[in-house]
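# Coordinate analysis (summary)
For reference, the chains in residue letters:
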Amino acid sequence: VQLVESGGGLVQAGGSLRLSCAASGFTFDDYSIGWFRQAPGKEREGVSCITPSGGNTNYADSVKGRFTISRDNAKNTVYLQMNSLKPEDTAVYYCAAAGGPITTVQAMCVMLPDESEFDYWGQGTQVTVSS
């Protein structure tokens, strides 16, 4: 099982980045995928979530209207489009996959799930937003 994030980097405030999370080793379209982030000296926090079909998504209040999560099940990849970036978005961004009974997985993103519900994690990608 592998989740590999990419697309991080250094960007000026107001800029955009698109993160990708490429999955392998499990049945991708049976899993909800979440994006989390951890800033220096802070706890990891949930950013966004998407259900297996992509029909349900959710976002942290701090990123609503600026970030968009999507997935391409044919490519086993989830994306996080980040626009209007702010210095406070600086963090290591992680993707994670959560499986289980289909009814549970499909309901997972009604609200941002806790990280304890996720089975597999990527290694993270650094996003730095300069002011």
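To be clear, the structure that these remarks concern was listed above.
This report concerns the structure included in the present document. (Residues numbered from 1 in each chain as written. Predicted model: local features only at pLDDT ≥ 70, side-chain atom pairs only at ≥ 80, totals over all residues. Heavy atoms only, no water.)

### Overview of the overall build of the protein chain
As a reminder of what qualifies: For helices the rule is a DSSP run of H or I covering at least 4 residues; for strands it is a run of E covering at least 2, with both sets numbered from the N terminus onward. Here the globule rule is a power law, 2.2 Å times the number of residues to the power 0.38, and the radius of gyration is based on C-alpha atoms. Partly exposed residues are those whose accessible area sits between 20% and 50% of the maximum for their type, while under 20% is buried and over 50% is exposed, using a 1.4 Å probe and protein chains only. By the convention used here, residues are in contact when the closest approach between their heavy atoms is within 4.5 Å.
When you go through the protein chain residue by residue, the secondary structure sums to one helix and eleven strands. Order of helices (α) and strands (β) in the protein chain, N terminus to C terminus: β-β-β-β-β-β-β-β-β-α-β-β. Against the globule reference of 14 Å for 131 residues, the protein chain gives a C-alpha radius of gyration of 14 Å, in line with a compact fold. Projected onto the principal axes, the alpha-carbon positions of the protein chain cover approximately 45 × 25 × 25 Å. The buried share among the 131 residues of the protein chain stands at 45%. When contacts within the protein chain are restricted to residue pairs at least 6 apart in sequence, those whose partners lie at least 24 apart make up 63%.

### Comments concerning the sheet that holds strand 8 (residues 77-82)
Short version of the rule: Two strands make a pair as long as DSSP finds a minimum of two bridges between them. Angles run from 0 to 180 degrees between N-to-C directions of axes, and those axes are lines fitted to C-alpha atoms, restricted for helices to the stretch in contact.
Pairing in this open sheet of four strands is antiparallel, and the strands run 1-3-8-7 from one edge to the other. In the strand order of this sheet, the two ends are held by strand 1 (2-6) and strand 7 (67-72), each with one partner. Averaged over all neighbouring strand pairs, the angle between strand axes comes to 15 degrees, with direction disregarded. Sheet topology note: the strand 3 (residues 17-24)/strand 8 ladder contains six bridges and is antiparallel. From the neighbouring strand, cysteine 21 faces strand 8, where its bridge partner is valine 78.

### A few points about the state of the cysteines
Under the convention used in this document: Criterion for a disulfide: a pair of cysteine sulfur atoms at a distance within 2.5 Å.
Scanning all chains against the criterion turns up two disulfides. There is a disulfide in this structure between cysteine 21 and cysteine 95, and the S-S distance comes to 2.1 Å. A torsion of 70 degrees about the S-S bond marks the disulfide between cysteine 21 and cysteine 95 as right-handed. Here cysteine 21, found in strand 3, pairs with cysteine 95, found in strand 9 (residues 91-98); they are 74 residues apart in sequence, far enough to count as distant. Just as cysteine 21 is buried, cysteine 95 falls in that class too. Each bonded cysteine of the protein chain is numbered by sequence order, and under that numbering the disulfide pairs are 1-3, 2-4.

### Topic: the pattern of salt bridges
In plain terms, the rule: A pair is scored as a salt bridge if a Lys or Arg side-chain nitrogen falls within 4 Å of a carboxyl oxygen belonging to Asp or Glu.
Across all of its chains, the model carries five salt bridges by this definition. Glutamate 45 is the partner of arginine 37 in a salt bridge, and the nearest nitrogen-oxygen pair spans 2.6 Å. In this structure arginine 37 comes out as buried when scored by relative accessible area, which is 5%. A relative accessible area of 36% places glutamate 45 in the partly exposed class. Here lysine 64 ties to aspartate 61 by a salt bridge, and the two come within 3.2 Å at their closest N and O atoms. Aspartate 61 sits in the exposed class, given a relative accessible area of 67%. Taken together, the salt bridges that share partners define one network made up of Arg37, Glu45, Arg66 and Asp89.

### With respect to the packing of aromatic side chains
Convention followed: Ring geometry is summarised as follows: Phe, Tyr and Trp rings, the Trp one being its six-membered ring, pair when their centres sit within 6.5 Å, and such pairs are stacked at plane angles under 30 degrees, edge-to-face over 60 and tilted between the two.
Going through the model one piece at a time under the given rule, you end up with seven aromatic pairs. Taken together, a centroid distance of 6.4 Å and an interplanar angle of 50 degrees make the contact between phenylalanine 26 and phenylalanine 28 tilted. By relative accessible area, which is 13% here, phenylalanine 26 ends up buried. The exposure class of phenylalanine 28 is buried, given its relative accessible area of 2%. Aromatic side chains phenylalanine 36 and tryptophan 121 sit 4.9 Å apart centroid to centroid with 50 degrees between the ring planes, which places their arrangement in the tilted category. Remark: tryptophan 121 occurs in strand 10 (residues 120-121) and phenylalanine 36 occurs in strand 4 (residues 32-38); sequence separation between them is 85 residues. Among the aromatic side chains, those forming a connected cluster through ring pairs are Phe26, Phe28, Tyr31 and Tyr120.

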